[in-house]
Amino acid sequence: MAKQTNPIRANSFREEPVIAEKTEEPKKKKSSKTDPKEKPGKTEKPKREKKPKKPVNERHYRVGGLICLVLAIYLVLAFISYFQTYQEDSSFANDILSNLSFRNFLNSKYPVYNWMGKLGALTSYLVITKGLGVASFLLTLILLLLGSKIFFNISRIGIKRALKYSFFGLVWIPVALNAAFPGEDYLYGVYGFQMNVLLTEYLGYSGLILLLGFTFLSFLILAFNIPFRWIKKKEKQEVPVSMDLSQPGQAAEEIEPVNPSENARKSNILLDLAPEPPQPVPSDQNPAEISPEPKHSGVELQIEVPVPLEISDGPPPNGNEHYTIDTRYDPTLELRDYKFPPLDLLNDYLGDSLNVNKEELEANKERIVETLKNYDIKIQKIKASIGPTVTLYEIVPEAGVRISKIKNLEDDIALSLSAFGIRIIAPIPGKGTIGIEVPNQNPEIVSIKSLIASDKFQKSSFDLPFVLGKTISNEIYIADLTKLPHILMAGATGQGKSVGLNTIITSLLYKKHPSVIKFIMIDPKKVELSLFSKIERHYLAKLPDSDEAIITDTKKVIRTLNSLNIEMDKRYDLLQDAQVRNIKEYNEKFIARKLNPENDHKFLPYLILVIDEFADLIMTAGREIETPLTRLAQLARAVGIHLIIATQRPSVNIITGTIKANFPARIAFRVISKIDSRTILDSSGADQLIGRGDMLLSTGSDLVRIQCAFVDTPEIERVTEYIGSQRGFLQAHSLPEFNDEEPEGNKDFDPNQKDELFAEAARLIVQHQQGSTSLLQRRLKLGYNRAGRIIDQLESAGIVGPFEGSKAREVRYKDIISLEIHLKELGEY
């Protein structure tokens, strides 16, 4: 075969490139014998301690990342332009290289057409024509990934893996392009031409093609673990929800229905998929019908499959059967004909049946084991717990493996599995294992109907039970609101926050009678909770003078929160008079007719405050919202007032430390950054969720990953219409009246009853031109009540205007001089 000739050979490198592999010399073993050259009694000099490295300035670090990004964009544009103008720009580059001088670079007679100018043309010529050809774009890719990782702080970008893949591409692509397209020098560069000539001379053209194919297939196997199974299997084997393990040989093949009563006391079933010795074939079974087991690695895989849910056959229970004794008071007597909504109003979803692809589990297991093996981490056993959207792989590492080493491989495992939302729990609380949560390829929809219809929810003995969804082990998660006792819910827009609120409310509507619970719903967005306005006369509570059942106005929100504080104080007085500690003991005593209604004793329903967008209230009202809300969170638990607050802005100025301290139960849906996750949960993890109802629940001790139950808007409409069509109370439950401000002119200013800080408060308000109670609280270190009285006195004195809702009061004096004159007239001096 004739050798290839090319015009670029004249300007090519004289020395042919040689690729040499570094070999490590074997370490010499230490001998037990002493060296005769060493003098006895001579001690080694102590090694000097290395000085600690100075921490890298974060700003310099980010500037370095920005430089990489700008350089990558510059080179991409220069390379793209060079492929269009390389014939014209080659003359300029050859002229510069023939006479290397700065003056020649500036005053060259050859024109340049590259988009990036002379420097872009020269760089492109050296890197592409004299270098690696098209493969040079891999250099820009490395710069782009490195710059993105540094500047945007993206931890999921694996630079080491990218460098390995790019190095193979830089070596392999130019040689392959020269073999496929000889004569196109701009595709493979001088390196591709020289390597092709060298390899063809020693191996021949056919040997070169064989070498290229071998190296490419080896790269695919080592990098992506492609098995190259050419024989198509008949069907994908799936792991059913339950399996009959009576015959070992049929553990992974045959599907048998399991009687729920037999497994009622069992929490799960373990299926061993490791290779087993051949079992004897039963006489009544054809040996040809037994399918061969797939090959496995040496690591044992166990699949933990949950027991099927037990569905209650009867209608939903009343939830108040213990109140129906004739000799006791029955709080449901006024609505004795009330019927709970039937389950037929809720939708069934195809995703309720759990079918897991066994091949997916095996493939994930092999990739996890292979990734850990690449970092010299060996494991003894791995077990898969299948959930609706996430599968938990519990691994038991061999002795001596550090947990932190596995924790740092989160990004590498995510890259090997090509999945988003992988979370490593190292170690799992209460177990001696390490958990790796991997999203399923086909996530299931968890319908609220299946959870409410479950025997676990119907027979729950909690005071305020509600369902959230299913855990990663496919178990129903039911919580008691009285034990939490308040819930803080946060997450980015569209990640399932409003659906989570609707799930909690709907499950309570299916469990508790209207006389037992009342909701106070606050919806600044005016559209999220409006569906529940139809149950106003059954389940809602509001101020007596309020026309709308769903509170949307900020002024009414402030009045409602203060009204709840008054209700809380009244309830504490009733508990004190009844000599009980909480609302449960009080109601039991009242039902037993041990408390006299003539002494203002009455049955106390649970009050649940639901706020859909807390951030909007804080931004508009601020302290006037946070102060009464914090007091409720601190004290209202014992008297049956519970808070459920949701926000889509989990920042520290919205979720303050005071609020977090009084909300031990926190639900985090997917957020954008780790900072937001730490703001909600005090730990990372919410930024690695997959969205669409995937959430983390923190109750103070540990984190539980749950797939939130899905309830659609038409379902809520059907439920509320069914409840609203029945006979209800005459009106919504009334909260105590709260008069936050007295009308202007109701009382005259009395100088003898003014506060000691009256003059100082007046100067402060005129100086800031802001007549608000919160300003006096912050600057004068006052409580809410005293600051409110000073504002009343300033209004009576004509210094500030009347109350205007969420706006600050009008300040009627614009400067200190006119104020001092007015204070002198009031007898302040």
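Everything numeric in this text was worked out from a predicted model, so none of it was measured. (Residues numbered from 1 in each chain as written. Predicted model: local features only at pLDDT ≥ 70, side-chain atom pairs only at ≥ 80, totals over all residues. Heavy atoms only, no water.)

**Q** Mind showing me how you'd approach the overall build of the chain here?
**A** On a plain count of helices and strands, the chain comes out with 24 helices and 19 strands. Split into buried and exposed, the 829 residues of the chain put 48% on the buried side. Within the chain, contacts between residues separated by at least 24 positions form 69% of all contacts whose residues are at least 6 apart in sequence. Summing over all exposed atoms, the chain offers an accessible surface of approximately 45,700 Å²; the carbon and sulfur share of this is 53%. (Helix = DSSP H or I, 4+ residues; strand = E, 2+ residues; numbered from the N terminus. Buried < 20%, exposed > 50% of the residue type's maximum accessible area, 1.4 Å probe, protein only. Contact = heavy atoms within 4.5 Å. Areas by Shrake-Rupley, 256 points an atom, 1.4 Å probe, with all protein chains shown as cover.)

**Q** Please clarify how the sheet that holds strand 15 (residues 641–647) should be interpreted in this entry.
**A** In sheet architecture, strand pairing relies on hydrogen bonds along the backbone and comes in two forms, parallel and antiparallel. The strand order 10-9-18-17-16-11-15-14-12 describes an open sheet built from nine strands, whose pairing is mixed. Each edge of the open sheet carries a strand with a single partner, namely strand 10 (476–480) and strand 12 (517–522). The average undirected angle you get between the axes of adjacent strands in this sheet is 30°. (Pairing = 2+ DSSP bridges. Axes fitted to C-alpha atoms, helices over the stretch in contact; angles between N-to-C directions.)

**Q** Sorry if this is basic, but what is going on with the pairing of strand 10 here?
**A** The two faces of a sheet get side chains in turn, since along a regular strand they alternate between them. With respect to burial, strand 10 is a largely interior element, five of its five residues being buried. What you see with strand 10 is no split at all: Ile 476, Ile 478 and Asp 480 on one side and Tyr 477 and Ala 479 on the other are buried throughout. In textbook terms, the turn of a hairpin is the stretch between consecutive antiparallel strands, and for strand 9 (residues 465–471) and strand 10 this stretch comprises four residues, one of which, Asn 474, has a positive phi near 65°.

**Q** What is the right way to read the packing of aromatic side chains from this model?
**A** The way to describe two aromatic rings as a pair is by their centre distance and the angle between their planes. Taken as a whole and assessed by the stated rule, the structure comprises 10 aromatic pairs. With a centroid separation of 6.0 Å and an interplanar angle of 15°, the aromatic rings of Phe 83 and Phe 137 are classed as stacked. Within this pair, whereas Phe 83 is found in helix 1 (residues 58–98), its partner Phe 137 is found in helix 4 (residues 137–151), the two being separated by 54 residues in sequence. The class of Phe 83 is partly exposed, set by a relative accessible area of 23%. A relative accessible area of 25% means that Phe 137 is categorised as partly exposed. Their ring planes at 0° and their centres at 4.3 Å tell us that Phe 168 and Phe 219 sit as a pair that is stacked. On the criterion of sequence distance, the pair formed by Phe 168 in helix 5 (residues 159–180) and Phe 219 in helix 6 (residues 185–224) is long-range, its members being 51 residues apart. Over the ring of Phe 151 we find Arg 62; its NZ or CZ atom is 5.1 Å from the centre of that ring. Lys 511 extends its terminal NZ or CZ atom over the ring of Phe 457, reaching a point 5.5 Å from the ring centre. (Phe/Tyr/Trp six-rings, centres within 6.5 Å; stacked < 30°, edge-to-face > 60°. Lys NZ or Arg CZ within 6 Å of the ring centre and 35° of its normal.)

**Q** It is not clear to me how the pattern of salt bridges should be interpreted in this structure. Could you clarify?
**A** Pairs can form between side chains of opposite charge whenever their charged atoms are close. As enumerated under the stated definition, the model contains 21 salt bridges in all. The partner of Glu 366 in a salt bridge is Lys 365, with the nearest N and O atoms 2.9 Å apart. A relative accessible area of 23% places Glu 366 in the partly exposed class. A single network of salt bridges, built from pairs that share partners, joins Arg 423, Glu 437, Asp 694 and Arg 705. (Salt bridge = Lys/Arg side-chain N within 4 Å of Asp/Glu carboxyl O.)

**Q** Would you mind showing me how to read the environment of Val 171 here?
**A** Looking at where Val 171 falls in the secondary structure, it is placed in helix 5. For the pair Val 171 and Leu 132, spaced 39 residues apart in sequence, the C-alpha separation works out to 8.5 Å.

**Q** Teacher, can you tell me more about a nonpolar patch on the surface here?
**A** Taken together, Ile 73, Leu 77, Ile 80 and Trp 115 make up a surface patch of nonpolar side chains, about 370 Å² in accessible area. Along the polypeptide, Ile 73 turns up in helix 1. (Patch = residues over 30% accessible without salt bridge, like charges linked within 9 Å, V, L, I, M, F, W, Y side chains within 5 Å.)

**Q** Honestly, helix 20 (residues 713–724) in this entry has me stumped. Any pointers?
**A** Side chains three or four residues apart in an α-helix point the same way, a direct result of the helix having 3.6 residues per turn. Relative to the 16 Å expected for 12 residues at 1.5 Å per residue, helix 20 spans 16 Å between its end C-alpha atoms, a close match to the ideal helical length. What helix 20 keeps buried is the set Glu 715, Ile 716, Val 719, Thr 720 and Ile 723. Looking straight down helix 20, one finds its buried side chains confined to an arc of 125°; they lie on one side. (Expected span 1.5 Å × (residues − 1). Arc of directions from axis to C-beta.)

**Q** Explain the confidence of the model for the chain here, please?
**A** For any part of a model where pLDDT is low, the fine detail of the predicted coordinates should not be relied upon. Chain-level pLDDT for the chain is 79 on average; 78% of the residues reach the 70-or-more range. Considering only residues more than four positions removed or in separate chains, one finds that residues 742–746, a stretch of pLDDT under 50, has six contacts. (pLDDT = per-residue confidence, 0-100.)

**Q** Is there a simple way to explain the packing of helix 1 against helix 3 (residues 117–132) in this structure?
**A** When two helices pack together, their arrangement is given by the angle between the helix axes and by the axis-to-axis distance. Between helix 1 and helix 3, the least distance of the axes is 6 Å, while the angle of their chain directions is 90°. As judged from the angle between their axes, helix 1 and helix 3 are roughly perpendicular. Along the lines of polarity and charge, the residues of the contact of helix 1 with helix 3 split into 17 nonpolar, six polar and two charged. (Parallel < 35°, antiparallel > 145°, perpendicular 65-115°, else oblique. Nonpolar A, V, L, I, M, F, W, Y, C, P; charged D, E, K, R; others polar.)

**Q** What exactly am I supposed to notice about the packing of helix 22 (residues 773–780) against helix 23 (residues 784–796) here?
**A** Viewed as axis vectors pointing N to C, helix 22 and helix 23 meet at an angle of 120°, and their least axial separation amounts to 9 Å. Between helix 22 and helix 23, the angle falls in the class oblique. Note on packing geometry: the crossing formed by helix 22 with helix 23 is right-handed. Contacts from Thr 773, Leu 776 and Gln 777 in helix 22 reach Tyr 784, Ala 787, Gly 788, Ile 790 and Ile 791 in helix 23. When the residues that make up the contact of helix 22 with helix 23 are grouped by side-chain class, the tally is five nonpolar, three polar and no charged. (Left-handed = near helix turned anticlockwise from the far one by under 90°.)

**Q** Would you explain helix 22 in this entry?
**A** The buried count for helix 22 comes to six of eight residues, which makes it a mostly enclosed element. Residues of helix 22 that are buried: Thr 773, Ser 774, Leu 775, Leu 776, Gln 777 and Leu 780. Close packing links the buried residues of helix 22 with helix 17 (623–635), helix 21 (758–768) and helix 23. Measuring from the side-chain oxygen of the N-cap residue of helix 22 to the backbone nitrogen of Leu 775 gives 3.4 Å; that N-cap residue is Ser 772. Looking one or two residues beyond helix 22, the residue adopting positive phi is Lys 781, at roughly 55°. (Polar contact = N/O pair within 3.5 Å; in protein donor to acceptor, adjacent residues only side chain to side chain.)

**Q** Where do I start with the side chain of Gln 777 in this structure?
**A** One can find Gln 777 in helix 22. By relative accessible area, which is 10% here, Gln 777 ends up buried. Apart from residues no more than four positions distant in its own chain, Gln 777 is found in contact with Arg 623, Thr 627, Leu 782, Gly 783, Tyr 784 and Ala 787.

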